[in-house]
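Per-entry structural report
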Amino acid sequence: MIDPATLPGRTPFAPPFRSVSTGLTPHTVTIADMDQDGILDLVTANLGSSTVSTHHGFGNLTFDVRRDFPTALNPHTVVAADLNRDGIPDLAMSQMGGQAVGSRLGAGAAPSARSRNAE
């Protein structure tokens, strides 16, 4: 197989590289339209700060300042789905080294303060 990065004038990703600030030790990133504006947003599971961070997307590879939401200890993985069938994306997180799965129900603009841990 030919590596596109080795072809003259070809690179697999165009510059510039962009980054966003997260909580401590981000472990997983999920991409979903969390605020239902038709533009994808970023969500990170921050293992070191026991939070998830949401970053509102602007649709031009830039993102708003993060909003942090507390989770159970050591969130390892985060996924977005409509868990309660209300049409609003929710978050589910697994815990590193624990025996729990947590969830945050979405409120439309960002995950709400309603949080539930299932053991």
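Let me sum up the structure you'll find in this document. (Residues numbered from 1 in each chain as written. Predicted model: local features only at pLDDT ≥ 70, side-chain atom pairs only at ≥ 80, totals over all residues. Heavy atoms only, no water.)

A few points about the overall build of the protein chain
A tally of regular secondary structure across the protein chain gives zero helices and eight strands. Listing the helices and strands of the protein chain from first to last along the sequence gives β-β-β-β-β-β-β-β. Each of the 119 residues in the protein chain was classed as buried or not, and the buried ones make up 34%. Of the contacts made within the protein chain by residues no fewer than 6 positions apart, 27% connect residues no fewer than 24 positions apart. Per element, the accessible surface of the protein chain, about 7,500 Å² overall, is 59% carbon and sulfur. (Helix = DSSP H or I, 4+ residues; strand = E, 2+ residues; numbered from the N terminus. Buried < 20%, exposed > 50% of the residue type's maximum accessible area, 1.4 Å probe, protein only. Contact = heavy atoms within 4.5 Å. Areas by Shrake-Rupley, 256 points an atom, 1.4 Å probe, with all protein chains shown as cover.)

Let's talk about the sheet that holds strand β2 (residues 41-46)
If you walk across this open sheet you meet the four strands as β1-β2-β3-β4, and the pairing is antiparallel. In this open sheet, the two strands that pair with only one neighbour each are β1 (26-32) and β4 (67-70). Averaged over neighbouring strand pairs, the angle between their axes works out to 20 degrees when direction is ignored. Here β1 runs beside β2; their pairing, made up of six bridges, is antiparallel. Bridge pairing in β2 links threonine 30 to valine 43. (Pairing = 2+ DSSP bridges. Axes fitted to C-alpha atoms, helices over the stretch in contact; angles between N-to-C directions.)

Purely geometric stuff here, so don't read any function into it on its own.
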